[in-house]
Amino acid sequence: MSKTWVYSFSDGNGKDKKLLGGKGANLCELTQTGIRVPPGFVITTEACLGYLEDEKHRLPPSLMSQVTDHLRLLELNTGKKFGDALKPLLLSVRSGSALSMPGMMDTILNLGLNPDTLKGLLVATDNERFCYDVYRRFIQLFGKVALGVPDALFDEEFEKVKERAGVKQDVELSAWDLSDVCTSFLQVVKQFTGKPFPHDPYEQLEIAIKAVFNSWMGKRAIDYRREFKITPDMANGTAVNIVAMVFGNMSNKSATGVGFTRDPGTGENVIFGEYLVNAQGEDVVAGIRTPKPIAAMAHEMPDLFRELMELRNKLESHFKEVQDFEFTIEEGILYCLQTRNGKMNATAMVRTSVEMAEEGLITKEQALLRIKPETLEQLLFPRLNISDDVAPIASGLPASPGGASGIAVFDADRAEKMGREGLKVILVREETKPEDIHGFFASQGILTSRGGKTSHAAVVARGMGKPCVAGAEGIHVDVRLRHALIGKYQITEGDVITIDGSTGAVYLGEVPLIDAEFSSDLATLLSWADAVARLKVMANADIPSDAKRALKFGAMGIGLCRTERMFNDPSRLPIVIDMIIADTKEDRQKALDRLLPIQREDFKNLFTIMAPCPVTIRLLDPPIHEFLPQEQHLVDEIDILRNLRKNLRGMKVLSENVAFMFQHDDVHPIVQTPADPELLDAVILKKETMLNKVRSLHEVNPMLGHRGVRLGLTFPEIYSMQIRAILEAAAECLKNGVDVHPEIMIPQVCTAQELKRVKEWVTDIHKDVESAYRLTINCSFGSMLEVVRACMRAENLAEEAEFFSFGTNDLTQATFSFSREDAENKFLPMYNMNHILQDNPFEVLDVKGVGKLMELAVLWGRATRPGMKVGICGEHGGHPSSIEFCHQIGLTYVSCSGPRVPIARLAAAHAAIHAR
Ligand code: PEP
Ligand code: MG
């Protein structure tokens, strides 16, 4: 028996979209549910693949005979006959693959017309105008789709007839005009193809089936699949739906339209769509005439409107999803021509999810699963409203989502100054250093030409919820001249630019923004998510404003407070520098004594905001040279100052003891210095000391260098100060009745011995503070796992650490030996493009390598300390598929930047539901 290539709508399996395509499967489903659909049948996607794979592009054997058998049934069903000169059956031949690709493949309507069947149609309908209208549509569509005749040739002829008739709209043309159109169109085809238009309906049908199959490999369809990452296992080949024509263009009692069961823009529970009286389907989508809103049908065709509402309700209750459907009314009878799940924006997705669950149409879990966590990004960050005529001038890595416009400024001090003046600025830098942080605060967004998604700029921007495009390599910044070169463009300070941190695009000028909105529907949906999730969702937050924002987004605590951010504040940086350049332990202690009360206040603030949630504070991590200016910068400054010392000319003494030196203009000083020569000497000396320190701290490989716990063990007084500040802050909060749960976390650990040493200091200081304040402080002690050896030794580390947190930024860097600063700008895109690596491992957790280390570390850590709390605080903690993996290996929590907390909450719920 030969393979079944064709299924009638009353027999096909409505669940098998891969075989029948989405449209075909749904038409089967609708027919079998009793919804009025014109009769028809579907040719499978397998037949399409068989045809495309055949060297000579022959239809699979027996396909056409199966089609003919089904045509016979269709004739019985409709009482019409295909190719008949008395009661002709006309067909629509429509594409449809497993995944909806709107408009990407071809469809032919009114197939089966020729001069003979036209006569039959004229007798059967007694409607000349209608018949010629249908015929001219068929010739044009078939000519274009199946014979490759350009649309413009037909349009030209059509316009000529309209002009001759003196009308503007096609509905104004008479039957005679339309008959003329048909004659001209047949001529157009003959001229273009060199052959007469095929009149045999069976030949037309075979050509049309092949044309629809071919459209699967058309440029439009291929581009669409590439763009939306549609792989063959998702959709392979198109089905062909052959359906008896129903006519919306028979008279003013006929109409055609498209509808959504709910508003796809807002999600409101009202029917949404448009229709046209006396028209065929493509008129609505092609915009030939302006359609009316569906609500107008309530007055124009009240009975049919009632039927349409019934159809809408049936569709939703059957598919349990918002439907995007097409309908046609033929002489007062309503038919549903197709239905599919409606595509909606994030606002509508969230609202419809919540409302459909509250209406009892779907369960809360189904409501959660309807929404991809990533789509929430649209609701959490402002987006750019980009029109078609705006093109980016550069692009980099989408490092922190959202859009922002402002004037370009090239150094942090000036960004801060201008920001304070109320100007909107975008900080543009080659790369950012921790000392730029005040510029971040003042800016709407950050653009850098170097660095990856886990670079300092990216991490800090994400924490702040500020858009950031990183590593836009085509941008060359000249801070001195205050301009940047971007390809052929020169951007001077003050020029407005716009960045899109969600796509990495950079635009010249201001692009309008669409505001973010955290709606009450989203809050409801996320509360359902929290109820099913097992993973807790914490935030990476370093300062009070980040912590407040994280709480607003539903963070259940702080999973990572990077204390270096506190050191970078411009008011503290000079003290930190004094601490670094101190030659003796005593001098260092003096600086630390000044820092202690400041840090204590920092922690008190954080604990108070987050109470009663836990706050995990990581002791200082980066190499200390990061707090000092760059070597070349210091060399230049010292040079200038020495020259000044020799000759005070060129200085402008502005007050008793401050002078400025100007280079290019009278507005922007390049050096601010004491006017007094002795004071100037002191400044030079300090800069020289700094320069010596910078040189002595130089490391070839700072990321693998003197940082984290290694630094802490070298300068015990730094960590001791931080530990004391944390515990004293906790004590003061407790005294004030604030319920605090501090956790001290040690970075870059690779051996239990390191933890043991620091733990001894914690224990001593803990006792000290408890006795000084006369109270008990609960404070836990934990380790970051971001070094491969730490994972391998998790069993030992767990003897000292009460909790672990995976720092997957460094762990990914260490596992791959890829620099987290550079790889994304160098070879990673090429690796991804050539499928050497499927994903960017700094964005999507590498489950097979880094993930394996994590899985083992969890197992080994809990072998020593059963039930041990283990989390993740690298950037992957906010990435949905990585969160799913974290759930699978039994982590306790994920921690991510504040604005990603809602995405992580939904992803945690998905992970829990999928695991059932
Ligand atoms: C990490 O390495 O994953 C981490 C959280 O620490 P940082 O990004 O500060 O190095
Ligand atoms: Mg790290």
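Predicted model only: the values in this text are computed from it and were never measured. (Residues numbered from 1 in each chain as written. Chains lettered and ligands numbered in written order. Predicted model: local features only at pLDDT ≥ 70, side-chain atom pairs only at ≥ 80, totals over all residues. Heavy atoms only, no water.)

**Regarding the overall build of the protein**
The helix and strand tally for the protein stands at 35 helices and 36 strands. Along the longest, intermediate and shortest principal axes, the C-alpha atoms of the protein span 110 × 70 × 55 Å. Out of the 916 residues in the protein, the part that is buried amounts to 56%. Put simply, 68% of the contacts in the protein that link residues at least 6 apart link residues at least 24 apart. Total accessible area on the protein is roughly 38900 Å²; 52% of this is exposed by carbon and sulfur atoms. (Helix = DSSP H or I, 4+ residues; strand = E, 2+ residues; numbered from the N terminus. Buried < 20%, exposed > 50% of the residue type's maximum accessible area, 1.4 Å probe, protein only. Contact = heavy atoms within 4.5 Å. Areas by Shrake-Rupley, 256 points an atom, 1.4 Å probe, with all protein chains shown as cover.)

**Overview of helix 19 (residues 520-532)**
Between its first and last C-alpha atoms helix 19 spans 19 Å; for 13 residues at 1.5 Å apiece the expected length is 18 Å, and the two agree. If you follow the buried residues of helix 19, they end up packed against helix 13 (346-358), helix 14 (364-369), helix 15 (377-380) and helix 35 (901-914). (Expected span 1.5 Å × (residues − 1).)

**Overview of the UniProt feature "binding site: Mg(2+)" (unreviewed entry) in the protein**
In the numbering used here, UniProt assigns the feature "binding site: Mg(2+)" (unreviewed entry) to Glu 786 and Asp 810. Annotated residues spanning 25 residues; largest pairwise C-alpha distance 5.4 Å, indicating a single compact cluster. Note on Glu 786: relative accessible area 3%, which makes it buried. Non-local contacts of Glu 786, meaning those with residues more than four positions away in its chain, are made with Pro 747, Gln 748, Gly 807, Asp 810, Leu 811 and Ala 814. One polar contact links the side chain of Glu 786 to the main-chain amide nitrogen of Gln 748, over a distance of 2.8 Å. In this fold, Asp 810 is placed in helix 31 (residues 808-816). Residues within four places of Asp 810 in sequence aside, it is in contact with Met 703, Arg 707, Gln 748, Glu 786 and Arg 820. (UniProt positions renumbered as here; feature names shortened; annotations may be inferred. Polar contact = N/O pair within 3.5 Å; in protein donor to acceptor, adjacent residues only side chain to side chain.)

**As for the pairing of strand 12 (residues 333-341)**
Here strand 11 (residues 323-330) pairs with strand 12 via 8 bridges, running antiparallel. In the sheet register, Phe 325 faces strand 12, and the bridge partner there is Thr 339. (Pairing = 2+ DSSP bridges.)

**Focus: the site of ligand 1**
Taken together, the neighbourhood of ligand 1 is formed by 14 residues, with Arg 562, Arg 618, Gly 807, Asn 809 and Arg 820 sitting nearest. With respect to ligand 1, the side chain of Arg 618 contributes an N or O atom lying 2.9 Å from an oxygen atom. Contact with the protein chains covers 96% of the free accessible surface of ligand 1, which is 280 Å². Elements supplying a minimum of two residues to the shell around ligand 1: strand 27 (558-562) and helix 31. In terms of residues, the shell around ligand 1 owes the most to one element, helix 31, which gives 3 residues. Tallied by class, residues from the shell around ligand 1 come to 3 nonpolar, 4 polar and 7 charged. (Near = heavy atom within 4 Å. Nonpolar A, V, L, I, M, F, W, Y, C, P; charged D, E, K, R; others polar.)

**Observations concerning the coordination of the magnesium ion (ligand 2)**
For a metal with four donors in a tetrahedral arrangement, the ideal angle between donors is 109.5 degrees, while six donors in an octahedron ideally sit at 90 or 180 degrees. At this site the magnesium ion (ligand 2) is bound by Glu 786 (OE) and Asp 810 (OD), with donor distances of 2.0 to 2.1 Å. Taken as a pair, Glu 786 in the loop between strand 33 (780-785) and helix 29 (788-792) and Asp 810 in helix 31 lie far apart in primary sequence, 24 residues in all. (Donors = N, O, S within 2.8 Å, 3.2 Å for Na, K, Ca; no water.)

**Digging into the domain arrangement of the protein**
In terms of domains, the protein is made up of domain 1 (1-114 + 200-245), domain 2 (125-199), domain 3 (255-344), domain 4 (402-514), domain 5 (533-626 + 703-914) and domain 6 (630-694). Measuring from the centre of the C-alpha atoms in domain 3 to the corresponding centre in domain 5 gives 54 Å. (Domains from an automatic or database assignment.)

**Regarding the pattern of salt bridges**
What the rule picks out here adds up to 60 salt bridges. Where Lys 417 meets Glu 421, a salt bridge forms, and the shortest distance between an N and an O atom there is 3.5 Å. Given the relative accessible area of 52%, Glu 421 is considered exposed. Among the salt bridges present, the one from Asp 810 reaches Arg 707, with a minimum N-O distance of 3.3 Å. (Salt bridge = Lys/Arg side-chain N within 4 Å of Asp/Glu carboxyl O.)

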